[in-house]
Amino acid sequence: MPSMDGVRHFSWASALTEINPWLYLAITALYELLWVIYAHTWHSLADVPGPFWASISRTWLWYQIWRGDMEIKARKLHEKHGKTNTITSDFVRIAPNEVSISDANAIKTIYGSGNGFTKTDFYTIFASNLSPHGDHFTQTDEKKHGERRRIVSGIYSMTGVLESEQYINACSALYSFDVVGELFFGKMFSFMKDRHDFGGYISALDTLLPPFIMVVNSVPSCMFPADPCFVEACVLPSYFRTFVLIMSSFIPAIQAALKGYDKILAAAKACVTDRLELMKRNKVERTDVLDKFFQISKEDETFGVPEIQTEAFVAMFAGSDTTAIAMRSIFYHLRKNSSIYQKVVQEIDEAVAAGQLGPENISYSDSIKLPYLSAACKEAMRIHPSVALTVPRYVPKGGKMISGRYFHHKDRVDINPAVVQFDKSIFGEDANEFNPERWFRTEDLSKMNRAMIQFGAGSRTCIGKNIALAEIHKLIPQLLRLYQIDLAYPVNAWKTNNAWFYKQTDFKVRITRRDKNKIST
């Protein structure tokens, strides 16, 4: 480019504009080709078997999530590439830098306390950002997570949960969302009483997960399929998410998801504000979970209103739908297996006749003494875990040996509950079938329990696990004691969609109140 002094100066901008467009295409194609060769040949995970497209782009993973059946595809891949391959047994590559592992022995390595593995940025897209300390679900700093969890661990212990059992009794037949309302929001939402989706919370969660999971999967893999800087994992790098979410906000499904997210967030804030008003007027007449949080706030200056709002938000977001999924699985599989249903009902009836269950409400401590009921509930959560995508972790600095193979720092490794809980070497040749009897095989019990990760594992085990178990073990026997439950369409199978939460639809039942005089004894 000539200047005023007559000297021609070099300019990158002008040079680039003079390049033939075909050269751009050629360079891009060459770059893509080199990436494909590298990812499939020289990458540190190149020896791990899996679909070709998964080895070069996250588009494959996005497509499986879009289909809603990743758990089925994952099991088939592990069956195909599993223990028959002596070099990379139990490993399947599901993305350029991510490996799904089916070896139950790897659970302790990856998710065990103090092993150095950390949550990936998969989770941070769901952070409420109400508290500067984060929340138990999305916090990726293990040290901070441990410190914050210890503050409230007593409230979430089974002893702490059962101190509020009377509030669970109040809505044990009214749905898992109502239990969360009673414990965390100071009142039940009356989903079942008024027969409607109170506040639109259920529809909010239904619209929230699929777009969030898929958008953060699809955008980087479609825009930059070969660039590892943009293809970190199931979600976008934090520095890129804001841009993509803004661009995605014009998509109706994303708009609905964001509104749903805001609705749940607003409900969490409102419940804390309402309780504060009652406290100012000395009109709090109950000692529930919400009250216990405020008691902690009086003793710990780092646990204030934002932290209490965060606890309420996470309970609604992660604790309601997952419990409902587990309950649907229990009822569905019981009614699809009439002989098992009859055994469970008979066990409950015999306990009632023996005076072992309360006349009005069934306590958790009494319910867990019913062995066949407990086995049926556990089996239903095994065969249909509430979360059925992988639970990703970063390999710590220095790398790590997992199931006989070395993985580098920042490799993403994960285990899918819907894969490991179907392992025939652990659960038997009938692992694909609903069979509560397996939980009475004492010789297999310990290894089966170790492979059950429907509530997560290690220090990141779901903090609301005991609330969910209390709900399940109180609701299921209470309904079976009082009602005859039949499938409305017994020949039809339900439909499922796996967008991380493993939701079920097309599952309707007929409920008839049982004649107390005909209850077997």
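Structure report, in brief. Just so we're clear, the structure is a prediction, and the values are computed from it rather than from any experiment. For every chain, the first residue of the written sequence is number 1, and numbering continues from 1 onward in sequence order. Per-residue local features of the predicted model are confined to residues with pLDDT of at least 70, and side-chain atom pairs are confined, for both listing and counting, to 80 or more; whole-chain, interface and lining totals are unaffected and use all residues. As a convention, hydrogens and water are excluded, and side-chain values are obtained from all of the structure's heavy atoms.

1. Digging into the environment of Thr140
Reasoning step 1: For the purposes of this entry, the term helix denotes a DSSP run of H or I that reaches at least four residues, the term strand denotes a run of E that reaches at least two, and both are numbered from the N terminus. Among the secondary structure elements, Thr140 is positioned in the loop between β3 (118–119) and α7 (142–156).
Reasoning step 2: Considered as a pair, Thr140 and Tyr123 are 17 residues apart in the sequence and their alpha carbons are 8.1 Å apart.

2. Structural notes on unusual backbone geometry
Reasoning step 1: For Asn282, which is not glycine, the phi torsion reads 55° and is therefore positive.
Reasoning step 2: Of note, Asn282 is situated in the loop between α13 (252–280) and α14 (289–299).
Reasoning step 3: Look at Asn282 and you get exposed, because its relative accessible area is 70%.
Reasoning step 4: You will see that Ser403, though not glycine, has its phi angle at about 50°, which is positive.
Reasoning step 5: Assignment of secondary structure puts Ser403 in the loop between β5 (400–402) and β6 (405–407).
Reasoning step 6: Accessibility here uses a 1.4 Å probe with only protein chains present; expressed as a share of the type maximum, an area under 20% marks a residue as buried, one over 50% as exposed, and anything in between as partly exposed. On the basis of relative accessibility, which here comes to 30%, the residue Ser403 falls in the partly exposed class.

3. Digging into a nonpolar patch on the surface
Reasoning step 1: Any residue with relative accessible area above 30% and no salt bridge may belong to a patch, with like charges joined within 9 Å and the nonpolar Val, Leu, Ile, Met, Phe, Trp and Tyr side chains within 5 Å. Throughout, the Shrake-Rupley method with a 1.4 Å probe supplies accessible areas, and for residues the shown protein chains are the sole cover considered. The salt bridge criterion pairs a side-chain nitrogen of Lys or Arg with a carboxyl oxygen of Asp or Glu, the two atoms within 4 Å. On the surface, Leu30, Leu33, Leu34, Ile37, Tyr38 and Trp42 cluster together into a nonpolar patch covering about 630 Å² of accessible area.
Reasoning step 2: Note on placement: Leu34 falls in helix α2 (residues 21–42).
Reasoning step 3: You can call Leu34 partly exposed: its relative accessible area is 49%.

4. Description of the packing of helix α16 (residues 338–353) against helix α22 (residues 465–482)
Reasoning step 1: A fitted line through C-alpha atoms represents every axis, and for helices the fit uses only the stretch in contact; the resulting angles, taken between N-to-C directions, go from 0 to 180 degrees. The N-to-C vectors of α16 and α22 enclose an angle of 85°; their axes lie 10 Å apart at closest approach. Comparing their axes, α22 and α16 come out roughly perpendicular. Counted together, Tyr341, Val344, Val345, Ile348 and Val352 of α16 and Pro477, Leu480 and Arg481 of α22 form the full contact between these two elements.
Reasoning step 2: Looking at side-chain class alone, the contact of α16 with α22 contains seven nonpolar, no polar and one charged residues. Here roughly perpendicular refers to angles of 65 to 115 degrees, roughly parallel to angles under 35, roughly antiparallel to angles over 145, and oblique to all remaining angles. Contacts between residues were defined by any pair of non-hydrogen atoms, one from each residue, lying within 4.5 Å. Basically, the charged four are Asp, Glu, Lys and Arg, the nonpolar ten are Ala, Val, Leu, Ile, Met, Phe, Trp, Tyr, Cys and Pro, and anything else, Gly included, counts as polar.

5. Here we look at the pattern of salt bridges
Reasoning step 1: Applying the stated rule across the entire model yields 14 salt bridges.
Reasoning step 2: In this structure, Glu437 engages Lys343 in a salt bridge whose closest nitrogen and oxygen atoms are separated by 3.1 Å. One end of the pair, Glu437, is in the loop between α20 (424–427) and α21 (445–450); the other, Lys343, is in helix α16, with 94 residues separating them in the sequence.
Reasoning step 3: Look at Glu437 and you get partly exposed, because its relative accessible area is 33%.
Reasoning step 4: Since its relative accessible area comes to 41%, Lys343 is described here as partly exposed.
Reasoning step 5: One salt bridge connects Asp430 with Arg438, and the closest N-O pair in it is separated by 2.9 Å.
Reasoning step 6: We classify Arg438 as buried; its relative accessible area is 0%.
Reasoning step 7: Because the salt bridges share partners, they merge into one network encompassing Glu379, Arg382, Asp430, Arg438 and Arg441.

6. Regarding the sheet that holds strand β7 (residues 412–414)
Reasoning step 1: The strand order across the open sheet built from five strands is β1-β2-β7-β4-β3, with neighbouring strands paired in mixed fashion. Strands at the two margins of the open sheet, each flanked by one partner only, are β1 (91–95) and β3.
Reasoning step 2: Relative to strand β2 (residues 98–101), β1 is paired through four bridges, and the arrangement is antiparallel. Residue pairing in the sheet places Phe91 in a bridge with Ile101 of β2.
Reasoning step 3: Sitting on the sheet, helix α5 (residues 70–81) touches β1 and β2, and the angle it makes with β1 is about 135°. Two strands qualify as a pair provided DSSP detects at least 2 bridges between them.

7. Quick look at empty space enclosed by the protein
Reasoning step 1: Think of a 1 Å grid over the protein atoms and nothing else: a 1.4 Å probe that fits but is trapped marks a cavity, an open set flanked by protein within 12 Å on at least five of seven lines marks a pocket, and residues with an atom within 4 Å of a point count as lining. Grid points are joined across faces, edges and corners, and a volume is the space filled by probe spheres set on the points. Applying the stated criterion to the full structure yields four cavities of 30 Å³ or more.
Reasoning step 2: Taken as a whole, the second largest cavity encloses approximately 100 Å³ of empty space.
Reasoning step 3: For the second largest cavity, the full set of lining residues is Ser131, His133, Gly134, Asp135, His136, Arg148, Ile151, Val152, Phe303, Glu307, Thr310 and Glu311.
Reasoning step 4: Here the lining of the second largest cavity is built from residues that sort into three nonpolar, five polar and four charged.

8. A look at the packing of aromatic side chains
Reasoning step 1: Planes of paired rings set the category: under 30 degrees apart is stacked, over 60 is edge-to-face and the rest tilted, where pairs are Phe, Tyr or Trp rings (Trp by its six-membered ring) whose centres lie within 6.5 Å. Applying the stated criterion across every chain, the model contains 11 aromatic pairs.
Reasoning step 2: Measuring from centroid to centroid gives 5.4 Å for Phe91 and Phe407, while their planes differ by 85°, and the two rings are edge-to-face. One end of the pair, Phe91, is in strand β1; the other, Phe407, is in strand β6, and 316 residues separate them in sequence. Of the two residues examined, Phe91 and Phe407, each falls in the buried class.
Reasoning step 3: An angle of 65° between the planes, with centres 6.2 Å apart, marks the rings of Phe427 and Trp439 as edge-to-face. Taken together, the residues span a long stretch of sequence, with Phe427 in helix α20 and Trp439 in the loop between α20 and α21 at a distance of 12 residues. With respect to class, Phe427 is no different from Trp439; both count as buried.
Reasoning step 4: Linked through ring pairs, Tyr156, Phe293 and Phe303 together constitute an aromatic cluster.
Reasoning step 5: The ring centre of Phe407 lies 4.8 Å from the NZ or CZ of Arg405, which sits over that ring. In our convention, an over-ring charge means Lys NZ or Arg CZ found within 6 Å of a ring centre and within 35 degrees of that ring's normal.

9. Here's the deal with the pairing of β2
Reasoning step 1: Neither face of β2 is left uncovered, since the one carrying Glu98 and Ser100 and the one carrying Val99 and Ile101 both have all their residues buried.
Reasoning step 2: Turn length for the β1-β2 hairpin, with the two strands adjacent in sequence and antiparallel, is two residues.
Reasoning step 3: Of the pairings in the sheet, the one linking β2 to β7 comprises three bridges and is parallel in character. Considered in β7, the bridge of Val99 is made with Val413.

10. Considerations on the pairing of strand β10 (residues 501–505)
Reasoning step 1: Counting buried residues in β10 gives four out of five residues, a clear majority hidden from the surface.
Reasoning step 2: With antiparallel pairing between neighbouring strands as the criterion, strand β9 (residues 495–499) and β10 make up a hairpin whose turn holds one residue, including Trp500 at a positive phi of roughly 85°.

11. Considering the environment of Arg438
Reasoning step 1: When you line up the elements, Arg438 lands in the loop between α20 and α21.
Reasoning step 2: Arg438 has contacts with Glu379, Arg382, Phe427, Asp430, Ala431, Glu433 and Met448, leaving out every residue within four places of it along the chain.
Reasoning step 3: Within the structure, Arg438 has its side chain in polar contact with the backbone oxygen of Phe427 (distance 2.5 Å).
Reasoning step 4: Within polar-contact distance, the side chain of Arg438 engages the side chain of Asp430 at 2.9 Å. What qualifies as a polar contact is a pair of N or O atoms within 3.5 Å, subject to a donor-acceptor requirement within protein and to the restriction that residues adjacent in sequence count only when both atoms come from side chains.

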